[in-house]
Amino acid sequence: MTTTTETATITGKRARFGAIPDRYKAFIQQGMVVLVLIMLVVFFSVMNSNFANWGNISSLLLASVVTGIQALGLSFVIATGGIDLTPGFGMAATSVFAALLIAQTGGLGLPIWIGILGALFAGALLGAINGFLVSYVRMQPMIATLAMMMVAWGTALVLADGKTISLRSVEGYDQIAIGQLIPGVPNAVLILIALAIVAGVLMNKTAVGRYSLAIGSNEEATRISGVNTRRWKMLAYVIGGTFTGISGILMSSRLSAAQPTLGQGYEMYAIAAAVIGGTSLRGGRASIFGAVIGAVTIQTIFNGLTVMGVQDQWQKVVLGAVVLLAVFVDIVRRGGKEE
Amino acid sequence: MTQPGATAGTVAGVGEVLLEGRGISKFFPGVRALHNVDFTLRAGEVHALVGENGAGKSTLMKILSGIYQPDEGELLLRGEKLVLPTPLSAHHAGISVIHQEFFLMNHLTVAQNIFIGREPKRFGGLINDDAALNRKAAELLDRLGVKIDPKVRVAQLTVAAQQLLEIAKALSFNSSILVMDEPTAALTDSEVDTLFRIVDDFVTPQTAVVYISHRMEEIRRLATQVTVLRDGELVATRPGDEVTIPEIIHMMVGRDIVSNVRPEPRAETEPILEVKNLSTPSLLTNVNFTLEKGEILGFAGLMGAGRTETARALIGADPRSSGVIRYKGAEVHINHPKDAVQLGIGYLSEDRKKYGLILGQDVTANTVLASIGSYTKLGILQDKAMREAAGKWARALSTKTPSVRQKIRNLSGGNQQKVVLAKWLERDCDILIFDEPTRGIDVGAKQEIYDLLDELTDQGKSIIMISSEMEEILRMSDRIAVMCNGQITGFLSNAEATQEKIMELATQFHETENTSEADNDDDH
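Under an unreviewed UniProt entry, the name given to chain B is Sugar ABC transporter ATP-binding protein, and the organism recorded is Tessaracoccus antarcticus.

Taking an unreviewed UniProt entry as the reference, chain A is identified by name as ABC transporter permease belonging to Tessaracoccus antarcticus. UniProt, in its Subcellular location (unreviewed entry) section for chain A, records the words "Cell membrane".

Written out as structure tokens, the structure reads:
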């Protein structure tokens, strides 16, 4: 029976060094993402002493909020194996919609909470249309949301008549984003943290998250299991749209204005944030925590390079390289295996 | 433990040694896949490689085909050391491998697939010569006796035809060693005959075949040598005409498998499911059958007869053009798999990985996938309760998994099948539709699945079992429905059924039965 003991020893040894249980792998991956962010912060702090003061960090975090919130919503869509290109101009359209409801001049002058609800509703509607096209009409997510991105863009321009709508006269609106319930921390940052918790619960602790991931991994198996995959997939897009609506509120609050042209490229930042954070564009895997860290990482790169005096154009090149690196890391991590 | 003395070397070889593996070992994290395995392939042999899942057959095959490199030991080709760093190098060494999975390009034609990368050219190699390509492909397919049109796109072929195409492609390289991994898994009996003839024709005094299979009849029929692996170790190599099937099975599992036969005909019980005039736009025509409570209704037939289509149309996975379904006495409308699941009808697909499981998720998530609703409190999933449920079923079905948090991808086929079953039992389904329940599952685990089926019917569950394995159909079914060309051509009771009777029904075109429609005219 010596062979049996041998087997045990060998497998035991191998197990200790080689096999990391799946659930720890996720923690390690998240740790890596945080580590990269810390390294960036240290790097920029060393390169320029202006980087690491609280005023700069605070504005960096404030700038991360919009991308962070959009990345949170996008995580649900990407989890299903889809993509959503509407966060950028969806943000423009929802902020214009909210502004029309609440602005004193050029708007209806309604209470702020109606504006907030209006933006949420507009965002959810945008998401519902996206979801309907993808899920029920079976359009390719890339094409359907690309078209809807144009629709959102045009709608924003039409609604605002091509002009910026000022919200300076709406008392207290700017406080949503830049007020400080906790001294030194903009409210928007608190909202991002709160929404991250909400999104985390939705993704990990409720049926919509579970089904989104299941659909992204194997839609047909999920359908055969008796799950109404179309409805749940549509819901993922509705969540994405709703988060876009929230980003519209925070953006217009921060600027005290709704700009129908502001939003171009934001969908790319949101996708980049999700990817940097470890969400797989192939679907079936999403990280809420990673999406937030990803958004902060992007702003850290922009902010740090600005502080160092690197031109705006070059910052975009650097960000593109970082996204490529993140995708590459994803491929290496999977070892080329299909999900 | 089997004595090492009983292993290789006692056999008089038929020809020169073509390929030899000496002391091959292969380790993976946590697993010793192969340990000190000797393997000798002589010219003129059909060398069967058998063993339970996880015995190391696939690993050995992958070493022979250059996908894996051995951690210890060496390969020798005609006495010279052979290193196979890539699958291409195995190709150059004259080793062709037919994998269980297909590597075909669906949108290209049969001929284009066979000669991909070596297309005949014209005009100095600039232009593909399609005429020559199709002619060469037709010649090859004719020579092999495979009736496939070389100009047809692969996507239009049946799974069985694709399997034969893979074989044809491998043979087009004129290799001297052919390695086949479960080549008959997707084939029906008539196509299996074609395959056997291809193998027979291939083997000459200069060539040899390594044949991996779970099916004992095939090994009986083809193998001149049988090598049995168990837990990564060589158990024995024996001549095919000396070793008996019970001996092989005994060596594989290390224990005797008591084959069970269905008990005497059950007393008639009430029907739980009645299907009338089920038709689909593409294939099925007026399929009628009744499933009784506590019975196993076997569905036999050749590939493409419409058995899987019947199941999928029944559960609402595919559209129907007609059909009335009565469940527990009342007519029901099933338009989506969710309707079937709500009624308590669960479908276990022949393709577990594609239709049954979320490979990247763990045992728990897969077990509760169909019943998440009952594990939510105020919209929040109850992780602990879900894990407990998964654990309960893992114990009840003796699923071998280190923990309920193990990803499904890392389980063996038999254990994956148990998780799919757990999913439906957790949903408390009364009717279970098993489509090829033991495909790709080794002999030992097969018996476990059979025992489970028996237990389920004892508990009053009703089972529809689609199977291409004659032995399985005969052994497990209380009644057998035989299908051909989208119709049911006959029912056989367990007592009267024989392999011959089933084959007769499975091969005859059933076209004179349209009169039965007259009975149902008053329904409209």
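A. Broad picture of the overall build of chain B. Per the secondary structure count, chain B includes 17 helices and 24 strands. In chain B, buried positions account for 55% of the 524 residues. Considering only intrachain contacts with a sequence separation of at least 6, the fraction spanning at least 24 residues in chain B is 67%. A total accessible area of about 22400 Å² is found for chain B, and carbon and sulfur atoms account for 50% of it.

B. Inspection of the packing of helix α5 (residues 112–136) of chain A against helix α6 (residues 141–160) of chain A at higher detail. Residue and element names in this part refer to chain A. Interhelical geometry of α5 versus α6 gives an angle of 145° and a closest axis separation of 9 Å. Both α5 and α6 take part in a crossing whose hand is right-handed. On α6, the residues touching L126, I129, N130, L133 and V134 of α5 are P141, A144, T145 and M148.

C. Structural detail: the sheet that holds strand β17 (residues 330–332) of chain B. Residues and elements named next belong to chain B. Taken in spatial order, the four strands of this open sheet run β14-β13-β16-β17, and their pairing is antiparallel. The two strands at the open ends of the sheet, each matched to only one other strand, are β14 (287–292) and β17. Here the strands of the sheet are splayed against their neighbours by 20° on average, with no regard to which way each runs. Inspection of the sheet shows strand β16 (residues 322–327) paired to β17 by three bridges, in the antiparallel sense. Pairing of I325 across the sheet is with V332, part of β17. Together, β13 (271–279), β14 and β16 form the strand contacts of helix α9 (residues 307–314), whose direction differs from that of β13 by roughly 110°.

D. Geometry of the sheet that holds strand β22 (residues 462–466) of chain B. Residues and elements named next belong to chain B. As summarised here, the arrangement of the six strands in space is β18-β21-β22-β15-β23-β24, forming an open sheet in which the pairing is mixed. The open sheet has two free edges, formed respectively by β18 (345–348) and β24 (487–493), since each of these has just one partner strand. When the angles between neighbouring strand axes are averaged without regard to direction, this sheet yields 20°. Inspection of the sheet shows β18 paired to strand β21 (residues 431–435) by four bridges, in the parallel sense. Within β21, the position partnered with I345 by the bridge is I431.

E. Region of the structure containing the confidence of the model for chain B. All names here are of chain B. Summarising the model, chain B shows a mean pLDDT of 84, and 90% of its residues fall at 70 or more. In the predicted structure, residues 1–13 sits below a pLDDT of 50 and forms 16 contacts with residues beyond four places in sequence or in another chain. Note on residues 509–524: pLDDT under 50 across the span, and nine contacts to partners over four residues away in sequence or across chains. Our summary of model confidence lists the complex with pTM equal to 0.73 and ipTM equal to 0.75.

F. Representation of the packing of aromatic side chains in the model. Per the stated rule, a full pass over the model turns up eight aromatic pairs over all chains. Look at F132 of chain A and Y136 of chain A: their rings are 5.7 Å apart centre to centre, the planes differ by 20°, and that puts the pair in the stacked class. Note that F132 of chain A and Y136 of chain A are positioned in helix α5 at a spacing of four residues, about one turn of the helix. Centre to centre, the rings of Y211 of chain A and W232 of chain A are 4.9 Å apart; their planes meet at 55°, and the pair counts as tilted. With Y211 of chain A in helix α9 (residues 207–224) and W232 of chain A in helix α10 (residues 229–255), the pair connects residues that are 21 residues apart, well separated along the chain. Taken as a pair, Y211 of chain A and W232 of chain A share a single burial class, namely buried. The rings of F43, F44 and F51 of chain A are connected pair by pair, giving a single aromatic cluster. Taking the ring centre of F115 of chain B as reference, the NZ or CZ of K136 of chain B above it sits at 4.9 Å. Across from the ring centre of Y355 of chain B, 5.2 Å away, lies the NZ or CZ of R312 of chain B, which sits over that ring.

G. Structural detail: the nonpolar core. One finds I69 and L72 of chain A to be the most contacted residues of the largest nonpolar core, which totals 83 residues. Looking at this core element by element, the count peaks at ten residues for helix α3 (residues 54–79) of chain A. Those residues within four positions of I69 of chain A in sequence are excluded, and the remaining contacts are L192, L195, F243, I246, S247 and L250 of chain A. Judged by nonpolar contacts, the second largest core, of 38 residues, contains L397, W424, M470 and L492 of chain B.

H. Molecular detail of α9 of chain B. All names here are of chain B. Burial analysis of α9 places seven of its eight residues in the buried class, which makes it a mostly covered element. Turning to α9, its buried residues are R307, T308, T310, A311, R312, A313 and L314. A positive phi of about 85° marks G316, the residue just after α9.

I. Region of the structure containing the side chain of D129 of chain B. Residue and element names in this part refer to chain B. Position of D129 among the secondary structure elements: in the loop between β8 (127–128) and α4 (130–144). Within the structure, the side chain of D129 is placed 3.3 Å from the backbone nitrogen of A131, a separation counted as a polar contact. Reaching out from D129, the side chain makes a polar contact with the backbone nitrogen of A132 at a distance of 3.2 Å. Setting aside residues up to four positions removed in sequence, D129 forms contacts with P120, K121 and R122.

J. Fine view of the pairing of β13 of chain B. Residues and elements named next belong to chain B. By the bridge criterion, five bridges tie β13 to β14 in an arrangement that is antiparallel. Directly across from E274, in β14, lies its bridge partner T290. In the sheet, β13 pairs with β16 via five bridges, with the strands oriented antiparallel. Paired with L273 across the two strands is Y327, which belongs to β16.

K. Summary view of the domain arrangement of chain B. Residues and elements named next belong to chain B. One can read the domain layout of chain B as domain 1 (1–8 + 18–94 + 175–256), domain 2 (108–174), domain 3 (257–344 + 430–524) and domain 4 (354–422). Listed as interface residues are twelve residues of domain 3 and, on the opposing side, ten residues of domain 4. A buried area of about 770 Å², summed over both sides, lies between domain 3 and domain 4, and 68% of it is on carbon and sulfur atoms. A salt bridge links E448 to K418, with the nearest nitrogen and oxygen atoms 2.5 Å apart. For the pair domain 3 and domain 4, the number of links is two residue pairs in polar contact (both at pLDDT 80 or more). Of all the secondary-structure elements, those providing two or more residues to the side of domain 3 that touches domain 4 are β21 and α15 (443–458). Here the side of domain 3 that touches domain 4 gets five residues from one element, more than from any other, and that element is α15. Across the side of domain 3 that touches domain 4, the residue classes break down as nine nonpolar, no polar and three charged.

L. Local environment of the environment of G356 of chain B. As for its position among the elements, G356 of chain B is in helix α11 (residues 352–356). Its relative accessible area of 4% is what places G356 of chain B among the buried residues. Residues G356 of chain B and L421 of chain B, 65 residues apart in the sequence, show an inter-C-alpha distance of 9.5 Å. Look past the residues within four positions of G356 of chain B in its chain and what remains in contact with it is A221 of chain A together with D351, V420 and K423 of chain B.

M. View of the side chain of S64 of chain A. Residues and elements named next belong to chain A. Residue placement: S64 occurs in helix α3. Taking relative accessible area as the criterion, S64 reaches 1% and is therefore assigned buried. Among residues more than four places away in sequence, those in contact with S64 are A295, V296 and Q299.

N. Focus on unusual backbone geometry. Residues and elements named next belong to chain B. For E182, which is not glycine, the phi torsion reads 50° and is therefore positive. By relative accessible area, which is 6% here, E182 ends up buried. One non-glycine residue with positive phi stands out, namely D428, at about 60°. Secondary-structure assignment places D428 in the loop between α14 (413–426) and β21. Owing to a relative accessible area of 53%, D428 belongs among the exposed residues under this scheme.

Rules of the game
- Residues numbered from 1 in each chain as written.
- Chains lettered and ligands numbered in written order.
- Predicted model: local features only at pLDDT ≥ 70, side-chain atom pairs only at ≥ 80, totals over all residues.
- Heavy atoms only, no water.
- UniProt positions renumbered as here; feature names shortened; annotations may be inferred.
- Helix = DSSP H or I, 4+ residues; strand = E, 2+ residues; numbered from the N terminus.
- Buried < 20%, exposed > 50% of the residue type's maximum accessible area, 1.4 Å probe, protein only.
- Contact = heavy atoms within 4.5 Å.
- Areas by Shrake-Rupley, 256 points an atom, 1.4 Å probe, with all protein chains shown as cover.
- Axes fitted to C-alpha atoms, helices over the stretch in contact; angles between N-to-C directions.
- Left-handed = near helix turned anticlockwise from the far one by under 90°.
- Pairing = 2+ DSSP bridges.
- pLDDT = per-residue confidence, 0-100.
- Phe/Tyr/Trp six-rings, centres within 6.5 Å; stacked < 30°, edge-to-face > 60°.
- Lys NZ or Arg CZ within 6 Å of the ring centre and 35° of its normal.
- Core = buried A, V, L, I, M, F, W, Y, C linked by side-chain atoms within 4.5 Å.
- Polar contact = N/O pair within 3.5 Å; in protein donor to acceptor, adjacent residues only side chain to side chain.
- Domains from an automatic or database assignment.
- Buried area = accessible area lost by both parts, 1.4 Å probe.
- Salt bridge = Lys/Arg side-chain N within 4 Å of Asp/Glu carboxyl O.
- Nonpolar A, V, L, I, M, F, W, Y, C, P; charged D, E, K, R; others polar.

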